[in-house]
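Single-letter residue listing:
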Protein chains: 2
Amino acid sequence: MSERQPARRTTRQQVAVAEQLRDQTDFVSAQELHSSLKDSGESVGLATVYRILQNMASDGEVDVLRAPDGEAIYRRCSTGHHHHLVCRSCGRAVEVEGPQVERWAAAISAEHGFTDVEHTVEIFGTCADCSAKHS
Amino acid sequence: MSERQPARRTTRQQVAVAEQLRDQTDFVSAQELHSSLKDSGESVGLATVYRILQNMASDGEVDVLRAPDGEAIYRRCSTGHHHHLVCRSCGRAVEVEGPQVERWAAAISAEHGFTDVEHTVEIFGTCADCSAKHS
DNA sequence: CTTTGTGCAAAGGCTTTGCATGCTT
DNA sequence: AAGCATGCAAAGCCTTTGCACAAAG
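Every chain is numbered independently, its residues counted from 1 as its sequence is written. Chain letters start at A and ligand numbers start at 1, both assigned in the order the entries are written. Local features are withheld for residues below a pLDDT of 70 in this predicted model, meaning they are given only at 70 or higher, and side-chain atom pairs are given and counted only at 80 or more; totals for whole chains, interfaces and linings count all residues. The basis for every side-chain value is the complete set of heavy atoms in the structure, and neither hydrogens nor water enter the calculation.

Caption draft 1: Main features of the protein's contact with DNA strand D. Around DNA strand D sit 23 residues, and of these A:Y50, A:Q54, B:R9, B:T48 and B:R51 come closest. Backbone atoms, meaning sugar and phosphate, make up 64% of the atoms of DNA strand D lying within 4 Å of the protein. What qualifies as a polar contact is a pair of N or O atoms within 3.5 Å, subject to a donor-acceptor requirement within protein and to the restriction that residues adjacent in sequence count only when both atoms come from side chains. Contact distances for DNA strand D include 2.9 Å between a phosphate oxygen and a backbone N or O atom of A:A72. B:R51 is positioned with one of its side-chain polar atoms (N or O) 2.8 Å from a base nitrogen of DNA strand D. Elements that contribute at least two residues to the surface near DNA strand D include exactly α3 (46–58) of chain A together with α1 (12–23) and α3 (46–58) of chain B. Broken down by element, the residue count for the surface near DNA strand D peaks at five residues, all from α3(A). Note that Gly is not counted as nonpolar here; it falls among the polar residues with everything else outside the nonpolar set of Ala, Val, Leu, Ile, Met, Phe, Trp, Tyr, Cys and Pro and the charged set of Asp, Glu, Lys and Arg. When the residues that make up the surface near DNA strand D are grouped by side-chain class, the tally is seven nonpolar, nine polar and seven charged. Whether a residue is near a molecule or strand depends on its heavy atoms: it is near if one of them lies within 4 Å of it. Strands here are runs of E lasting at least two residues and helices are runs of H or I lasting at least four, both read from the DSSP assignment and numbered beginning at the N terminus.

Caption draft 2: Examining the relation of the copies chain B and chain A more closely. Alignment of the copies relies on least squares applied to C-alpha atoms, considering only residues that score at least 70 for pLDDT in both. Least-squares fitting of chain B to chain A yields an RMSD of 0.2 Å, with the transformation described by 0.0 Å of translation along the axis and a rotation of 180°. Each copy turns onto its partner about a two-fold axis. Across chain B, the rotation axis passes nearest the C-alpha of B:V121, at a separation of 2.2 Å. Of the interface residues in chain B, 100% have counterparts in chain A that sit at the interface too, so the contact is made through matching surfaces. It only takes one pair of heavy atoms within 4.5 Å for two residues to be counted as in contact.

Caption draft 3: The arrangement of the sheet that holds strand β6 (residues 115–126) of chain A in detail. A pair of strands is labelled paired if DSSP reports no fewer than 2 bridges between them. Taken in spatial order, the six strands line up as β5(A)-β4(A)-β6(A)-β6(B)-β4(B)-β5(B) in an open sheet, and their pairing is mixed. Each of the sheet's edge strands pairs with one partner strand only, and the pair in question is β5 (93–96) of chain A together with β5 (93–96) of chain B. Here the strands of the sheet are splayed against their neighbours by 20° on average, with no regard to which way each runs. Direction of pairing for strand β4 (residues 83–87) of chain A relative to β5(A): antiparallel, over a ladder of four bridges. Each residue of the ladder has a partner; that of A:V86, found in β5(A), is A:A93. Note on geometry: axes are C-alpha line fits, over the in-contact stretch for helices, and angles between N-to-C directions span 0 to 180 degrees.

Caption draft 4: How the structure looks around the nonpolar core. By nonpolar core is meant a set of buried Ala, Val, Leu, Ile, Met, Phe, Trp, Tyr and Cys residues that side-chain atoms within 4.5 Å join together. Relative accessibility decides the category of a residue: with a 1.4 Å probe and only protein chains considered, values under 20% of the type maximum give buried, values over 50% give exposed, and everything between is partly exposed. Core analysis: the biggest nonpolar cluster contains 26 residues, and A:L85, A:W104, B:L85 and B:W104 have the highest contact counts within it. Sorting the residues of this core by element identifies β4, β5, α4 (99–111) and β6 of chain A together with β4 (83–87), β5, α4 (99–111) and β6 (115–126) of chain B as the ones contributing at least two each. Ignoring any residue separated from it by four or fewer positions in sequence, one finds A:L85 in contact with A:R92, A:A93, A:V94, A:V96, A:I123, B:I108, B:S109, B:H112 and B:F114.

Caption draft 5: Examining the packing of helix α1 (residues 12–23) of chain A against α3(A) more closely. Residue and element names in this part refer to chain A. Where α1 meets α3, the axes come as close as 10 Å, and the angle between the chain directions of the two elements is 70°. Taken as axis vectors, α1 and α3 run roughly perpendicular relative to one another. When α1 is examined against α3, the residues Q13, Q14, V17, A18 and L21 are found in contact with a partner set consisting of T48, I52, L53 and M56. What sets the label is the angle itself: under 35 degrees gives roughly parallel, over 145 gives roughly antiparallel, 65 to 115 gives roughly perpendicular, and the rest give oblique.

Caption draft 6: View of the sheet that holds strand β1 (residues 28–29) of chain B. Residue and element names in this part refer to chain B. Pairing in this open sheet of three strands is antiparallel, and the strands run β1-β3-β2 from one edge to the other. Among the strands making up the open sheet, the edge pair consists of β1 and β2 (62–66). In the sheet, β2 pairs with strand β3 (residues 72–76) via five bridges, with the strands oriented antiparallel. Counted as the bridge partner of V62 is R76 from β3.

Caption draft 7: Just the confidence of the model for chain A, in detail. pLDDT: the predictor's confidence for each residue, scored from 0 to 100. Looking at chain A as a whole, the pLDDT averages 85, with 91% of positions reaching at least 70. No element of chain A has a lower mean pLDDT than helix α5 (residues 128–133) of chain A, which averages 80, and none a higher one than α3(A), which averages 96.

Caption draft 8: Seen up close, the environment of A:R22. All names here are of chain A. Summarising the element assignment, R22 is placed in helix α1. Overall, R22 belongs to the exposed group, its relative accessible area being 52%. Remark: the alpha-carbon pair of R22 and C77, spanning 55 residues in sequence, is separated by 9.5 Å.

Here is the structure:
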């Protein structure tokens, strides 16, 4: 009884957002997603985009992280726990895993008496393509 | 000629902010810092607090990270590279190190052709004191 | 038919910016 | 005296919220 069954209704807007995310391999902000949808002819209100993304996030269907400027960016998340390597120039994201990091985080937390922990690992850099362009 | 010498002028406000940070062991937001300063009788304009914090951050004198809600939080940073374990309830922060994580990040980045990388590792959890209170 | 989701616009919170003044150098 | 730093207030941006209407079950 701690498991909540949100029982959300299926709407055109939710489907549109989900599909738009399915086509995206990189992180996108709510605003970008909103624009893309408008361009696709599947217009959805901005507030609704935010609400849908929030729902998807709390249902664990998307990853949310914060860009350095504080904007929230979202991405359809594959199953399992992982982290991201994001190009700060073009936004390209690579999913990476690191068992060692998981273990380290768990150990450190336990050592300091922290419980109910969550960790975020974000690596921002310049990808090969972009550093080539800047030659 | 790539090294910039900012040559900032020394002002009462900058000293006040620096000292306030020196007394803080936890991460604080610009707004909190602004309040603390007002309480200390060393009033500093909010915009100025933001400007000083930005300068200190780009000079590498403080760590900046984003709270889950997107607010920027700052902390005087000790020398060397490290990460933080932050209590999501009381804000208490513990500085931690993890050579393994550094190595992992470097390896992953290289493997994917990323250069000029920076990584952020944030562990949010509930510290022992806070979980005791919630009994 | 009832309830939940959506749209629009307004409000909210954090941060930045413009401009005149004060203070450091 | 010259120029950067500060303060205040206004503007900007992203995000959330209120309320009436539309749609799902």
